[in-house]
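Chain and residue survey
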Amino acid sequence: MEENKKVLYSGIQPSGAFTIGNYFGAIKNWVDLQSDYDCYFCIVDLHAITVPQVAKELRKNSYESLITLLACGLDPEKVTLYFQSHVSAHAELTWILNNYTYMGELGRMTQFKDKAQKQGENIRVGLYSYPVLMAADILLYQTDVVPVGEDQKQHLELTRDIASRFNNLYSPTFKVPEPFIGEKGGRIMSLQEPTCKMSKSDENNNAFIALHDGRDQIIKKFKRAITDSEAEVRYDKSEKAGVSNLMEIYSCATGKDYAEIEREFSGKGYGDFKSGVGEAVADALKPIQEKYKELYEDKSYIKEIISKSTERTIRTASRTLSKVKKKVGFFEF
Ligand code: TRP
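I will try to describe carefully the structure that is included in this document.

**Considering the nonpolar core**
Inside soluble globular proteins, nonpolar side chains tend to come together where they are buried. Grouped together as the largest cluster of nonpolar side chains are 59 residues, with contacts concentrated most on Ile 20, Leu 69, Phe 222, Ile 249, Phe 273 and Val 281. Excluding anything up to four places from it in sequence, Phe 273 contacts Val 233, Val 243, Leu 246, Met 247, Ile 261 and Phe 265. Val 87, Ile 96, Val 146 and Leu 321 belong to the second largest nonpolar core, which has 37 residues in total.

**Details of the environment of Asp 32**
Mapped onto the elements, Asp 32 comes out in helix H1 (residues 20-33). Classification of Asp 32 as partly exposed rests on a relative accessible area of 42%. Residues Asp 32 and Asp 213, spaced 181 residues apart in sequence, show a C-alpha to C-alpha distance of 23 Å.

**Brief notes about the pattern of salt bridges**
When their charged atoms lie close together, side chains carrying opposite charge are able to pair. Under the defined criterion, the tally for this structure stands at 21 salt bridges. As a salt-bridge pair, Arg 160 and Glu 178 come within 3.6 Å of each other at their nearest N and O atoms. With Arg 160 in helix H8 (residues 153-169) and Glu 178 in strand S5 (residues 178-179), this residue pair connects regions lying 18 residues apart in the sequence. A salt bridge links Glu 230 to Lys 240, with the nearest nitrogen and oxygen atoms 2.8 Å apart. Remark: Lys 240 occurs in the loop between helix H9 (215-223) and helix H10 (241-254) and Glu 230 occurs in the loop between H9 and H10; sequence separation between them is 10 residues. The exposure class assigned to Glu 230 is partly exposed, which follows from its relative accessible area of 35%. Since its relative accessible area comes to 2%, Lys 240 is described here as buried. Within this structure, Asp 228, Glu 230, Glu 232, Arg 234, Asp 236 and Lys 240 form a network of salt bridges that share partners.

Thresholds, definitions, all that
- Residues numbered from 1 in each chain as written.
- Predicted model: local features only at pLDDT ≥ 70, side-chain atom pairs only at ≥ 80, totals over all residues.
- Heavy atoms only, no water.
- Core = buried A, V, L, I, M, F, W, Y, C linked by side-chain atoms within 4.5 Å.
- Buried < 20%, exposed > 50% of the residue type's maximum accessible area, 1.4 Å probe, protein only.
- Contact = heavy atoms within 4.5 Å.
- Helix = DSSP H or I, 4+ residues; strand = E, 2+ residues; numbered from the N terminus.
- Salt bridge = Lys/Arg side-chain N within 4 Å of Asp/Glu carboxyl O.

In structure tokens form, the structure reads like this:
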């Protein structure tokens, strides 16, 4: 948390158990970056309510998300980890930025169009304004870089537009954030439909590996993973999406590259390959699961972490927010 480090910001939705897609695609990178940047990681519960939630589950999922992030190796001495709803500046800045964002811009967001379609007739205003809240998250901390997956690039672009628009209208207020390049670890796809992203909300339980899945369950799910009718472990994303996805997962779990993996399994069938991937993933998750169990019981430690980092977060966020309020013209003595 040194002042001379660049600020890196990211958020994650507290929607149920995280999968190896969240872990290998995002969380593991955060762990690797935590010493090099001044990192803020936010559990975005305000974003979560843009689609229907059951209160009791949201509360439980939020706590478990936090424990999972710590169990994965985020170090509370190094990063600022907090809940979005604990810092009221997010909601306040969102309201203000709603007035520097155009309906046309929000209507073009592909994630909004996808999610709105699933909501039927009553589409929430919050779902529409979702990217403005995300912009507020990022801009409150004078963020330099945001590690984003493919699906959030459009939202980051909009954040940049809103920031520049506000800066041009008044005077430099927000740092205009850059996408973080150099993200490694991949986009992990569904085990059952390897052209779609792995999702924890998939109705088919065999499509994803949750971080808390037991060893036997993990191995069973990989055994059932979709491959193809050849019997060759070879990386080819368009022709062999299933096998390539398993190779990607194996590579994330072991650090081996594709060429090494091809050599390791050359002449062996998919059966051996799939058990190899299952074993490797189970091994990689074991320490996380053990740490999770240990932390879960330690409520007073968790509470202390959160109150410390929330305090720091509020301090930083209010500096930006008060500048904004002044520029917009809100009266103060
Ligand atoms: N919208 C992001 C997602 O669904 C989560 C998110 C919220 C986020 N605020 C953010 C990501 C700020 C990066 C920066 O994945």
